[in-house]
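# Structural features, examined
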Amino acid sequence: GEDVEQSLFLSVREGDSSVINCTYTDSSSTYLYWYKQEPGAGLQLLTYIFSNMDMKQDQRLTVLLNKKDKHLSLRIADTQTGDSAIYFCAEQSSGSARQLTFGSGTQLTVLP
Amino acid sequence: AAGVIQSPRHLIKEKRETATLKCYPIPRHDTVYWYQQGPGQDPQFLISFYEKMQSDKGSIPDRFSAQQFSDYHSELNMSSLELGDSALYFCASSLGRGGEADTQYFGPGTRLTVL
């Protein structure tokens, strides 16, 4: 079955870079996603990467994918206090239904 | 840009009551997904619909049912509510055409509290 794992907590200083890591098990996943969730709020799509890519950059966000190790990371450059939130990685089912399997989420705390 | 709309945003029910949650997908999106997020947990897939037909079922209790209507909105019906059903219920929608079109956009969620 599918299983997605993330470390639970990360603290960084404002202005530093944050790196959130994720491992997944479904080697047939075609797309991998990063979502952001602020307290009591919905899931905001941040970015995604196709499995035949190894890197994708979108403004302050850089996604790295190591398909051999099934390892995904999200780097946030110049982290701001507004980036404090829970970050979920998710893999999309390779079946016809395309549902997402989420990791446990990483609580990012940005210290002033 | 239009987003996924969910109603109500908050709902309080007693045990053994029923609840109906509604989801209005992004215009032109024909695929709807329902997820349940318990306190401090990650979202868990419940059920999905493509072109008004059920496409897959996840960990959805038999007490719950859902459907997608001709205008593509979806409703999640929950009966015999239990305390453990208290959670955030998210709806997501996608274009459902494969590839990047399967990217799911989430609504703000309905917070259900069962007393």
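The following refers to the structure shown.

Cut-off values and rules
- Residues numbered from 1 in each chain as written.
- Chains lettered and ligands numbered in written order.
- Predicted model: local features only at pLDDT ≥ 70, side-chain atom pairs only at ≥ 80, totals over all residues.
- Heavy atoms only, no water.
- Helix = DSSP H or I, 4+ residues; strand = E, 2+ residues; numbered from the N terminus.
- Rg over C-alpha atoms; globule rule 2.2 N^0.38 Å.
- Buried < 20%, exposed > 50% of the residue type's maximum accessible area, 1.4 Å probe, protein only.
- Contact = heavy atoms within 4.5 Å.
- Areas by Shrake-Rupley, 256 points an atom, 1.4 Å probe, with all protein chains shown as cover.
- Core = buried A, V, L, I, M, F, W, Y, C linked by side-chain atoms within 4.5 Å.
- Salt bridge = Lys/Arg side-chain N within 4 Å of Asp/Glu carboxyl O.
- Phe/Tyr/Trp six-rings, centres within 6.5 Å; stacked < 30°, edge-to-face > 60°.
- Lys NZ or Arg CZ within 6 Å of the ring centre and 35° of its normal.

Glancing now at the overall build of chain A. When you go through chain A residue by residue, the secondary structure sums to zero helices and 11 strands. Reading the secondary structure of chain A in the N-to-C direction produces β-β-β-β-β-β-β-β-β-β-β. The C-alpha atoms of chain A give 14 Å as radius of gyration, which agrees with the globular expectation for 112 residues (13 Å, within 12%). Here the C-alpha coordinates of chain A stretch approximately 45 × 30 × 20 Å along the principal axes. For chain A, the residues scored as buried account for 46% of the 112 residues in total. Looking at chain A alone, contacts between residues at least 24 apart form 55% of all its contacts between residues at least 6 apart. Split by element, the accessible area of chain A, about 5200 Å² in all, is 49% carbon and sulfur.

All right, on to the nonpolar core then. Leu21, Trp34, Leu76, Met78 and Tyr89 of chain B are the most contacted members of the largest nonpolar core, which has 22 residues in total. When contributions to this core are tallied by element, the ones reaching two or more residues are β3 (19–24), β4 (31–37), β5 (44–50), β7 (64–68), β8 (74–78), β9 (87–94) and β11 (110–114) of chain B. By size, the runner-up hydrophobic cluster in this structure holds 20 residues, among which are Val12, Leu32, Ile76 and Cys89 of chain A.

Right, let's get into the pattern of salt bridges. Residues and elements named next belong to chain A. Inspection of the entire model under this criterion finds eight salt bridges over all chains. A salt bridge links lysine 36 to glutamate 38; its shortest N-O distance comes to 4.0 Å. By relative accessible area, which is 10% here, lysine 36 ends up buried. Note on glutamate 38: relative accessible area 36%, which makes it partly exposed. Residue aspartate 69 pairs with lysine 68 through a salt bridge whose shortest N-O separation is 3.6 Å. Judged by relative accessible area, which is 73%, lysine 68 ranks as exposed.

It is worth spelling out the packing of aromatic side chains at this point. By the definition in use, this model includes 15 aromatic pairs over all chains. Aromatic side chains tyrosine 35 of chain A and phenylalanine 102 of chain A sit 5.9 Å apart centroid to centroid with 50° between the ring planes, which places their arrangement in the tilted category. Of this pair, tyrosine 35 of chain A sits in strand β4 (residues 31–37) while phenylalanine 102 of chain A sits in strand β10 (residues 100–102); the two residues are 67 residues apart in sequence, bridging distant segments of the chain. Owing to a relative accessible area of 0%, tyrosine 35 of chain A belongs among the buried residues under this scheme. For phenylalanine 102 of chain A, a relative accessible area of 4% gives the class buried. With a centroid separation of 6.1 Å and an interplanar angle of 85°, the aromatic rings of phenylalanine 90 of chain B and phenylalanine 106 of chain B are classed as edge-to-face. Pair noted here: phenylalanine 90 of chain B is in strand β9 and phenylalanine 106 of chain B is in strand β10 (residues 105–106), with a separation of 16 residues, a long-range link. On the accessibility criterion, phenylalanine 90 of chain B (0% relative accessible area) is buried. On the accessibility criterion, phenylalanine 106 of chain B (10% relative accessible area) is buried. Positioned above the aromatic ring of tyrosine 48 of chain A is the side chain of lysine 56 of chain A, whose terminal nitrogen or guanidinium carbon lies 3.9 Å from the ring centre.

Let's shift gears to unusual backbone geometry. Here serine 7 of chain B and proline 8 of chain B are connected by a cis peptide whose omega angle stands at -10°. Within the secondary structure layout, proline 8 of chain B lies in the loop between β1 (5–7) and β2 (10–13). Backbone geometry places lysine 70 of chain A, a non-glycine residue, at a positive phi of 55°. Relative to the elements of secondary structure, lysine 70 of chain A occurs in the loop between β7 (61–66) and β8 (71–76).

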